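# Overview (structure and organization)
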Amino acid sequence: MPRTDTARFRHNQAILVGAIVATIGALPLASARTYLLPVLAVPLAVAVWAWRAGTDADVQGLRVRALAGELRIPWDQVVELTADPRGRAVARLDDGRWFMLPAVRGADLPRLVAAAGHDAAESDQ
């Protein structure tokens, strides 16, 4: 089985800790009345999103993961990788769409390109 190097980009895990604290804080409210039970869904959803969401890059392409699903983008569909004015990484696809890459910053672009099997200096040419 060939070894594949995957670059994984995830959000800061402090978000997960905050969601756990919010869940604990919401327990007394949710247990006071049964109609307040859905209040627990918000911090639990944030916890799952913080644990799961992000971008993975390997030689085959990008895998963008969200709260409930994922999208696979092959490298041959990616025309450009750049950073937006806020420092977030964005991929321009061959059909003209721009796609924000969750948890990837502009400073992470060389690592993203390296995961594709290219040298960062090679992509500047």
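Residues numbered from 1 in each chain as written. Predicted model: local features only at pLDDT ≥ 70, side-chain atom pairs only at ≥ 80, totals over all residues. Heavy atoms only, no water.

### Digging into the sheet that holds strand 4 (residues 69–74)
The test is simple: For two strands to be treated as a pair, DSSP must find at least two bridges joining them. A run of H or I in DSSP counts as a helix once it spans at least four residues, and a run of E counts as a strand once it spans at least two, with each numbered from the N terminus. An axis is simply a line fitted to the C-alpha atoms; with a helix, the fit covers only the stretch in contact. Between two such axes, the angle follows the N-to-C directions and lies from 0 to 180 degrees.
Spatial ordering of the open sheet is given by 1-2-3-4, a layout of four strands whose pairing is antiparallel. In this open sheet, the two edge strands, each paired with only one partner strand, are strand 1 (7–10) and strand 4. Put simply, the sheet's adjacent strands are angled 15° from each other on average, direction ignored. Looking at chain direction, strand 1 and strand 2 (residues 54–57) are connected through four bridges and run antiparallel. Each bridged residue has a counterpart across the sheet, and for alanine 7 the counterpart in strand 2 is alanine 57.

### Remarks on the packing of aromatic side chains
Let me state the cut-off plainly: Two rings from Phe, Tyr or Trp (for Trp, the six-membered ring) form a pair when their centres are within 6.5 Å of each other. A pair whose planes differ by under 30 degrees is stacked, one over 60 is edge-to-face, and the rest are tilted. Each ring is checked for a lysine NZ or an arginine CZ that lies within 6 Å of its centre and within 35 degrees of its normal; such an atom marks a charge sitting over the ring.
What the rule picks out here adds up to zero aromatic pairs. The residue whose ring lies beneath arginine 111 is phenylalanine 9, and the NZ or CZ to ring-centre distance is 4.4 Å.

### Quick look at the pattern of salt bridges
The test is simple: One side-chain nitrogen of Lys or Arg within 4 Å of one carboxyl oxygen of Asp or Glu is enough to make a salt bridge. Type-normalised accessible area, obtained with a 1.4 Å probe on protein chains alone, sets the label of each residue: buried when under 20%, exposed when over 50%, and partly exposed for intermediate values.
With the rule as written, the count across this model stands at nine salt bridges. With a closest N to O distance of 2.9 Å, arginine 10 and aspartate 56 form a salt bridge. Of this pair, arginine 10 sits in strand 1 while aspartate 56 sits in strand 2, and the two are 46 residues apart along the sequence. The partner of arginine 97 in a salt bridge is aspartate 95, and the shortest N-O contact between them spans 2.8 Å. A relative accessible area of 48% places arginine 97 in the partly exposed class. In this structure, a network of salt bridges that share partners links the residues Arg8, Arg10, Asp56, Arg63 and Glu70.

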